[in-house]
Amino acid sequence: MNPIDLITARNTTHGDFTQNAIYGQELRSVFRSSPQWLNMPPVQREALDMIACKLARILSGQGDFMDHWDDIQGYVELAKPKAGQSISSSSAVLIGGSV
């Protein structure tokens, strides 16, 4: 499938990319404004970013497209094992060797 056809097909389920970007960035901004954001392990922050992406697609595309909801559930499951861990107890190491 060529890129234009793919974009057209995704517009049906994922919505307009520009609107998607607006919703996604607004949601991420809310997340990052939380006083707890920097205390969360990277896995949980990434899961929330991906959930923001899926929520933006739901809001600008098809809300009844089950893949979006299944993906959100998957990101929750990936983040749950890190619940209760602060950034200091996370095993993630950033470039440069420190968290």
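Residues numbered from 1 in each chain as written. Predicted model: local features only at pLDDT ≥ 70, side-chain atom pairs only at ≥ 80, totals over all residues. Heavy atoms only, no water.

The next subject is the side chain of Asp 49. Tracing the chain through its elements places Asp 49 in helix H3 (residues 42-60). At a separation of 2.9 Å, a polar atom in the side chain of Asp 49 contacts the side chain of Arg 32. In this structure Asp 49 touches Arg 28, Arg 32 and Trp 37, once residues within four positions along its chain are discounted. (Helix = DSSP H or I, 4+ residues; strand = E, 2+ residues; numbered from the N terminus. Polar contact = N/O pair within 3.5 Å; in protein donor to acceptor, adjacent residues only side chain to side chain. Contact = heavy atoms within 4.5 Å.)

Attention now moves to the packing of aromatic side chains. What describes a pair of aromatic rings is the distance from one ring centre to the other and the angle between the planes of the rings. This model, assessed by the stated rule, comprises one aromatic pair. For the pair Phe 31 and Trp 37, a centre-to-centre distance of 6.5 Å together with 15 degrees between the ring planes defines the contact as stacked. (Phe/Tyr/Trp six-rings, centres within 6.5 Å; stacked < 30°, edge-to-face > 60°.)

Let's shift gears to the side chain of His 68. Within the secondary structure layout, His 68 lies in helix H4 (residues 66-79). Contact partners of His 68, with chain neighbours within four places excluded, come to Thr 13, His 14, Lys 54, Arg 57, Ile 58 and Gln 62.

Our next topic: the layout of surface pockets. Size it by volume and the largest pocket reaches roughly 250 Å³. Lining the largest pocket are 13 residues, and of these His 14, Gly 15, Phe 17, Asn 20 and Arg 57 lie nearest its centre. Those elements that provide at least two residues to the lining of the largest pocket are helix H1 (3-14), helix H2 (17-33) and H3. Broken down by element, the residue count for the lining of the largest pocket peaks at six residues, all from H2. Grouping the amino acids of the lining of the largest pocket by side-chain chemistry returns four nonpolar, six polar and three charged. (1 Å grid on protein atoms, 1.4 Å probe; cavity = no way out; pocket = protein on both sides within 12 Å on 5 of 7 lines; lining within 4 Å. Points joined across faces, edges and corners; volume = space filled by probe spheres on them. Nonpolar A, V, L, I, M, F, W, Y, C, P; charged D, E, K, R; others polar.)

For the rest of this paragraph, the subject is the pattern of salt bridges. In a structure, side chains of opposite charge can pair up when their charged atoms sit close to one another. Tallied over the full model, the rule gives four salt bridges. Arg 28 serves as the salt-bridge partner of Asp 49, at 3.9 Å between the closest nitrogen and oxygen. Of this pair, Asp 49 sits in helix H3 while Arg 28 sits in helix H2, placing them 21 residues apart in sequence. Here Asp 49 and Arg 28 have matching classes, each one buried. Two residues, Asp 71 and Lys 54, come together in a salt bridge whose shortest N-O distance is 2.7 Å. Note that Asp 71 is positioned in helix H4 and Lys 54 in helix H3, a separation of 17 residues in sequence. Residue Asp 71 is classed as partly exposed on the basis of its relative accessible area of 29%. (Salt bridge = Lys/Arg side-chain N within 4 Å of Asp/Glu carboxyl O. Buried < 20%, exposed > 50% of the residue type's maximum accessible area, 1.4 Å probe, protein only.)

Another aspect to go through is the packing of H2 against H3. The contact between H2 and H3 brings their axes to 8 Å, and the two run at 140 degrees. Classed by the angle they form, the pair H2 and H3 counts as oblique. H3 is crossed by H2, and the crossing has right-handed handedness. In contact with Gln 19, Asn 20, Tyr 23, Gly 24, Leu 27, Arg 28, Phe 31 and Arg 32 of H2, H3 contributes Leu 48, Asp 49, Ala 52, Cys 53, Leu 55, Ala 56, Arg 57, Leu 59 and Ser 60. Taken together, the residues that form the contact of H2 with H3 break down as nine nonpolar, four polar and four charged. (Axes fitted to C-alpha atoms, helices over the stretch in contact; angles between N-to-C directions. Parallel < 35°, antiparallel > 145°, perpendicular 65-115°, else oblique. Left-handed = near helix turned anticlockwise from the far one by under 90°.)

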